[in-house]
Amino acid sequence: MLLAIDGGEKEILKEEALRFTENLCREYSGTDDGITVTVEKTGEGAAPALHPVSLQKTVFFLMNLPNGVQKMSGQIPGLVETSLNLGILKLEPDHLHACASVRSSVGSAKEALSDKLEYLIGFLGGEFHVEGAYPAWEYKEDSALRDLMVAEYEAMYGQKPAVEAIHAGLECGLFYEKLSGLDCVSFGPNMKAIHTTEERLSISSVKRTYQYLCRVLEQLSKRQA
């Protein structure tokens, strides 16, 4: 972050950064103990500044913008149901650009959170747009497909699989939206550092996953015969 101050306020800013760091360390003790705020001089000169009204609107927006976990699942302990995070924040010459990712496993909750953002931005005179949205994939307490896959996994490998609900958007949500009541399960091979340049895929687990899929499809075909 770039701050412009009067030349005589350098020490005051350093003291404020130290005080702010101490407060953050107390607030985030046990979760982010290494958090620090430092001040470094980058140069001298004139710089454009926000109009006082624009400054107040920007601060109001950042202070009231929802961010992080909004609701935990009432069905599955420890599972986040609804959340969002501010991923991009840019101050352009004529506007402030903010991009947030809104997620929820409950469709109505996701829409309500988007509406909250739209109202806040509209109240401040801004424009709200939705891009790249994907539908929610709600957890089904009773799933015949999941029960079958658990049974076949145990028969193949002699142990129960780890069945988990995750807080993420998957292609299953797109199919679920088009086919109401669809019973679907997501599974795949072992991967590491997903969505990074260090992403890796276990070839041996691809083979196991393929064999498992073939067995599940075989059992499904027998049930429909």
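Per chain, residue numbering runs from 1 following the sequence as it is written. Where totals are concerned, whole chains, interfaces and linings use all residues; where local detail is concerned, this predicted model gives features only for residues with pLDDT of at least 70, and gives and counts side-chain atom pairs only at 80 or more. Excluded from the side-chain calculations are hydrogens and water; all other atoms, namely the structure's heavy atoms, are used.

A. Local environment of the overall build of the protein. Along its length, the protein carries six helices and five strands. Note on conventions: DSSP H or I runs of at least 4 residues are helices, E runs of at least 2 residues are strands, and numbering of each starts at the N terminus. Along the protein, from the amino end to the carboxyl end, the secondary structure elements read α-α-β-β-β-α-α-α-β-β-α. Compactness check: the protein gives a C-alpha radius of gyration of 25 Å against a globular reference of 17 Å for 225 residues, more than 25% above the reference. Counting only C-alpha atoms and orienting by the principal axes, one finds that the protein spans roughly 80 × 35 × 30 Å. Across the 225 residues of the protein, 18% fall into the buried class. Whether two residues are in contact is decided by their heavy atoms: any pair within 4.5 Å suffices. When contacts within the protein are restricted to residue pairs at least 6 apart in sequence, long-range pairs at least 24 apart make up 49% of them. Each accessible area is a Shrake-Rupley result for a 1.4 Å probe, and residues are judged covered by the shown protein chains and nothing else. As displayed, the protein offers around 17,200 Å² of accessible surface, 55% of which is attributable to carbon and sulfur atoms. The size measure is the radius of gyration over C-alpha atoms, and the globule rule it meets is 2.2 Å times the number of residues to the 0.38 power. Each residue is assigned to one of three classes by its accessible area relative to the maximum for its type, calculated with a 1.4 Å probe on protein chains only: buried under 20%, partly exposed between the two thresholds, exposed over 50%.

B. Examining the pairing of strand β3 (residues 96-104) more closely. Here strand β2 (residues 80-91) runs beside β3; their pairing, made up of nine bridges, is antiparallel. Across the sheet, residue Thr 82 finds its bridge partner in β3, namely Ser 104. Two strands qualify as a pair provided that DSSP identifies no fewer than 2 bridges between them.

C. Local environment of the environment of Leu 179. For Leu 179, the location among the structural elements is in the loop between α5 (171-178) and β4 (191-192). Overall, Leu 179 belongs to the partly exposed group, its relative accessible area being 48%.

D. Layout of the sheet that holds β2. Pairing is antiparallel across the open sheet formed by three strands, whose spatial order is β1-β2-β3. Two strands in the sheet have a free side with no partner beyond their single neighbour: β1 (68-72) and β3. Strand-to-strand twist in this sheet, taken as the mean axis angle between neighbours without regard to direction, amounts to 15 degrees. Bridge count for β1 against β2 is four bridges, and the pairing is antiparallel. Paired with Val 69 across the bridge in β2 is Ser 83. Lines fitted to the C-alpha atoms define the axes, with helices restricted to the stretch that makes contact. Angles between their N-to-C directions range from 0 to 180 degrees.

E. Examining the nonpolar core more closely. Buried Ala, Val, Leu, Ile, Met, Phe, Trp, Tyr and Cys residues form a nonpolar core when they are joined through side-chain atoms within 4.5 Å. Counting nine residues, the largest nonpolar core is built from Phe 61, Leu 65, Leu 84, Val 102, Leu 113, Leu 117, Leu 120, Ile 121 and Leu 124. A total of four residues in this core trace back to one element, the largest contributor, which is helix α3 (residues 107-123). Beyond its immediate sequence surroundings of up to four residues, Leu 124 is in contact with Lys 57, Phe 60 and Phe 61. One finds Leu 148, Met 149, Tyr 212 and Val 216 within the second-largest nonpolar core, a separate group that totals five residues.

F. Summary view of the side chain of Thr 209. By the secondary structure assignment, Thr 209 is in helix α6 (residues 203-224). Using a relative accessible area of 17% as the deciding quantity, one classes Thr 209 as buried. What qualifies as a polar contact is a pair of N or O atoms within 3.5 Å, subject to a donor-acceptor requirement within protein and to the restriction that residues adjacent in sequence count only when both atoms come from side chains. Polar contacts involving the side chain of Thr 209 include one to the main-chain carbonyl oxygen of Ser 205, which spans 2.7 Å. When neighbours within four sequence positions are excluded, Thr 209 is seen to be in contact with Phe 187, Gly 188 and Pro 189.

G. Region of interest: the packing of aromatic side chains. Two aromatic rings, drawn from Phe, Tyr or Trp (for Trp, its six-membered ring), form a pair once their centres lie within 6.5 Å of each other, and the interplanar angle then sorts them: stacked below 30 degrees, edge-to-face above 60, tilted otherwise. One pass over the full model with this rule turns up five aromatic pairs. Seen from their ring centres, Phe 60 and Phe 123 are 6.1 Å apart, and the 40 degrees between their planes marks the pair as tilted. Residue Phe 60 is found in helix α2 (residues 52-64), and its partner Phe 123 is found in helix α3; the two are separated by 63 residues along the sequence. Judged by its relative accessible area of 35%, Phe 60 falls in the partly exposed class. For Phe 123, a relative accessible area of 55% gives the class exposed. An aromatic cluster is defined as three or more aromatic residues linked by ring pairs; in this entry it consists of Tyr 153, Tyr 157, Phe 187 and Tyr 212.

H. Region of the structure containing the packing of α2 against α3. Where α2 meets α3, the axes come as close as 10 Å, and the angle between the chain directions of the two elements is 165 degrees. In terms of orientation, α2 lies roughly antiparallel with respect to α3. As α2 runs across α3, the sense of the crossing is right-handed. Contacts between α2 and α3 involve Phe 60, Phe 61 and Asn 64 from the first element and Leu 120, Ile 121 and Phe 123 from the second. Broken down by class, the residue content of the contact of α2 with α3 amounts to five nonpolar, one polar and no charged. Should an angle lie under 35 degrees it is considered roughly parallel, over 145 roughly antiparallel, and from 65 to 115 roughly perpendicular; all remaining angles are considered oblique. In this scheme the crossing of two helices becomes right-handed for a clockwise turn of the near helix relative to the far one and left-handed for an anticlockwise turn of less than a right angle. Amino acids outside the nonpolar list (Ala, Val, Leu, Ile, Met, Phe, Trp, Tyr, Cys, Pro) and the charged list (Asp, Glu, Lys, Arg) are all regarded as polar, and Gly is one of them.

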